[in-house]
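The residues making up each chain are set out below.
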Number of protein chains: 2
Amino acid sequence: MVKRHVSLKDLAVELGVSVSTVSRALKNHPDISHQLTDKIQKIAIERNYTPNPLAMGLLKAQTKMIGVIIPDIVTHFFASVISGIESVAKEKGYFIVISSSNESFEKEKESVDNLLKSRVEGIIACISQETNDISHFQRLINNEFPLVFFDRICEVLSVPSVTVNGFEAVKSIIHHFKDNGCKRIAYISGPSHLSISKNRKEGYLEGLNECGLEFNPDLLVECNLSAADASLATKQLLSLDKKPDAIFGINDTIAFAAMKVIKKHGLKIPEDIALVGFTDEFHSTVVEPTLTSVTHPTFLMGREAARLFFNIIEKESTYHEKVILPTELIIRDSSVKRNVL
Amino acid sequence: MVKRHVSLKDLAVELGVSVSTVSRALKNHPDISHQLTDKIQKIAIERNYTPNPLAMGLLKAQTKMIGVIIPDIVTHFFASVISGIESVAKEKGYFIVISSSNESFEKEKESVDNLLKSRVEGIIACISQETNDISHFQRLINNEFPLVFFDRICEVLSVPSVTVNGFEAVKSIIHHFKDNGCKRIAYISGPSHLSISKNRKEGYLEGLNECGLEFNPDLLVECNLSAADASLATKQLLSLDKKPDAIFGINDTIAFAAMKVIKKHGLKIPEDIALVGFTDEFHSTVVEPTLTSVTHPTFLMGREAARLFFNIIEKESTYHEKVILPTELIIRDSSVKRNVL
DNA sequence: GCAAATAGCGCAAAGGTTTGCACAAAGGTT
DNA sequence: AACCTTTGTGCAAACCTTTGCGCTATTTGC
């Protein structure tokens, strides 16, 4: 089987010195003579010694692990955020343990339990769309366990978080629609209890208001963030007597699904219905027409979340920083009605 | 700061018994009286005791961690494989540590080092496209360190692996092209040293052969698996005096990139050029025309890789199982020339 | 009623590392 | 020559858990 890793003891025995001497020599402790230090360091490299993180963890009561809870890993958005988190974790000598909730409340609770059992030093999470009860996170907060939210957050909890300026972004989308002559602007939202849904809805309402458009409840539909459900929502919109002339999907997955349905109905994008998404997935540029969307600094979002995390565990700060990242509306073909311009 | 986790000692002190008694009681050891066992178990639950994995790891010399090296996490394919690996790891009480090589040879070597330092019990890897020198993996094998490859493998190394039947898949693509009247079938390949490139190239050649088509070196171009490079490769193909009437991209990312270029050149898909990809990304159905592609059982691939891994560490088997997963050609609009049918 | 068996619990070591303290030998001071 | 610093090293505890063995009462068998 696998060769055992060499330990300080192995080196100590080989050199006929004590374990503590080896330990000190490897950290250049002044107590150890230069000759002995050199000798020990040389042989340590030769034998390929690396400290055992388990022993260190036990001693220092730290595992150098960060738990990351996400709704779904198989997604450009979350994969990219993870990538961002990992990049700063790596810089700090930490590694991340990923646990997907699969958008399930139960699995999210399990994830928290499992990560706690694994003794991660903290958790960075994006709550599942099912999550309405937040007692499992409240528990962590009560124990002052390091916790950071990103994207979908719990507003009621006083926790560092990083989100995106959805309010402003959606407002600018509405203005963009209006500039293109749209008057009946629909919004396919996510579950209403989700922070991003609320936030973007407010932007939607305010945008309509600023554009002098009246809010029509028929044009605001909810879906559960799945493509299937988004298709249903789109069909519902298209079955209205007065069809919308613009649709904003809360994310690109929703917008892609809507696009398919619209095409299937024989309607033209953007001529009949202008379409805008959110999050700017890689494939926005490959669909036809190319999808207007809001760039979401996903990688940066991950890095910021990790930064907040290390703020907590390093500075032991109790200040709950809320980072709001900017977005940018990338205008492509799906929303530009040429006749208007 | 964070409340310390409660240990056996804490419970022992609280109850005035020894640590060993608590340890045994929690595992229902017959040596401990029923009353005491009950009392201990009750208070353990009350205090929310969970065993410290670090201490266990130290004792048992196992970390319950699997290292996973992938070229890029921000990809449907790899995210999905990871998801598969994680699902069986979770069943076994293991968790995975992900390290991306970013398709870089240097980073891949670093990843191996870091994972080794973290004392993962083994590594599941997909080699980077830059990787030609495999001494860092050879080292692991020499030490009988558990190692499993997936998708892109090292044929020269005797290691369990899980791949996809690229040879057969590509052959069927060529036949499909031929059935649609294509005669000049181009192949945009990946770096030639990669196992998947070689494998699929053989399928390409054999397919041409079976279809009575002659191999034309001009129609076989290589790219580095990036969209940008794929665009270049496509342009090269389109600049030929005798343009191809069909293009097969080694994966969907390549095919998407090719699609954009073809459209930009004012050529019609599939009428002028039929197009087929590989891996069946989620967005295959949303591009226009929808992309014919080969389904790649990514999740299963992850599960199989993990299964092979546990085979090694559990049964200590030295048999190097090579799993080859089946694929299926999903025919969509991008390759079906209506006039022929 | 005495020896032997048994039930029920604690001790200690092991796993790898760090670190305060003790200790030895060497050198320096008066 | 006796004492005090250094200088260099080792001991042992701590982190947490498991487990073989030893110990003490109690119970059993005769």
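Quick look at the structure, then. (Residues numbered from 1 in each chain as written. Chains lettered and ligands numbered in written order. Predicted model: local features only at pLDDT ≥ 70, side-chain atom pairs only at ≥ 80, totals over all residues. Heavy atoms only, no water.)

1. Focus on the packing of aromatic side chains
- Inspection of every chain in the model, using the stated rule, returns 18 aromatic pairs over all chains.
- Judged by centre distance (5.3 Å) and plane angle (50°), the rings of Tyr187(B) and Tyr204(B) are tilted. One end of the pair, Tyr187(B), is in strand β6 (residues 185-189); the other, Tyr204(B), is in helix α9 (residues 195-210), with 17 residues separating them in the sequence.
- Owing to a relative accessible area of 1%, Tyr204(B) belongs among the buried residues under this scheme.
- Ring centres 5.1 Å apart and planes at 15° place the aromatic pair Tyr187(B) and Phe248(B) in the stacked group. Residue Tyr187(B) is located in strand β6, and its partner Phe248(B) is located in strand β8 (residues 246-249); the two are separated by 61 residues in the primary sequence.
- Since its relative accessible area comes to 0%, Tyr187(B) is described here as buried.
- Here the aromatic residues Tyr187(A), Tyr204(A), Phe215(A), Phe248(A) and Phe278(A) are joined through ring pairs into a cluster of three or more.
- Over the ring of Phe310(A) we find Lys92(A), and its NZ or CZ is 5.4 Å from the ring centre. (Phe/Tyr/Trp six-rings, centres within 6.5 Å; stacked < 30°, edge-to-face > 60°. Helix = DSSP H or I, 4+ residues; strand = E, 2+ residues; numbered from the N terminus. Buried < 20%, exposed > 50% of the residue type's maximum accessible area, 1.4 Å probe, protein only. Lys NZ or Arg CZ within 6 Å of the ring centre and 35° of its normal.)

2. Description of the protein's contact with DNA strand C
- Taken together, 28 residues lie near DNA strand C, and Leu8(A), Tyr49(A), Thr21(B), Arg24(B) and Ser33(B) sit nearest.
- Restricting attention to atoms of DNA strand C within 4 Å of the protein, one finds that 60% of them are sugar or phosphate atoms.
- At a separation of 3.1 Å, a phosphate oxygen of DNA strand C approaches a polar backbone atom of Asn52(A).
- In the environment of DNA strand C, a phosphate oxygen lies 2.7 Å from a nitrogen or oxygen atom belonging to the backbone of Ser33(B).
- Those elements giving two or more residues to the surface near DNA strand C turn out to be α1 (8-15), α2 (19-26) and α4 (53-60) of chain A together with α2 (19-26) and α4 (53-60) of chain B.
- Here the element with the most residues in the surface near DNA strand C is α2(A); it accounts for 4 residues.
- In the surface near DNA strand C, the residues fall into 13 nonpolar, 9 polar and 6 charged. (Near = heavy atom within 4 Å. Polar contact = N/O pair within 3.5 Å; in protein donor to acceptor, adjacent residues only side chain to side chain. Nonpolar A, V, L, I, M, F, W, Y, C, P; charged D, E, K, R; others polar.)

3. Brief notes about the environment of Pro270(A)
Residue and element names in this part refer to chain A.
- Residue position: Pro-270 is located in the loop between α11 (252-264) and β9 (274-276).
- Of the residues examined, Pro-270 reaches a relative accessible area of 2% and is grouped as buried.
- Considering only alpha carbons, one finds Pro-270 and Thr-63, 207 residues apart in sequence, at a separation of 53 Å.
- The residues contacting Pro-270, other than those within four sequence positions of it, are Asp-333, Ser-334, Ser-335, Val-336 and Lys-337. (Contact = heavy atoms within 4.5 Å.)

4. Here we look at the nonpolar core
- Counting 154 residues, the largest nonpolar core has Phe150(A) and Phe150(B) as its most contacted members.
- Ignoring anything within four residues of it in the chain, the contact list for Phe150(A) reads Ile70(A), Phe78(A), Val81(A), Ile124(A), Ala125(A), Cys126(A), Val162(A), Met301(A) and Ala305(A).
- If you look at the next biggest cluster of nonpolar residues, it comprises 42 residues, including Leu115(A), Phe145(A), Leu147(A) and Phe149(A). (Core = buried A, V, L, I, M, F, W, Y, C linked by side-chain atoms within 4.5 Å.)

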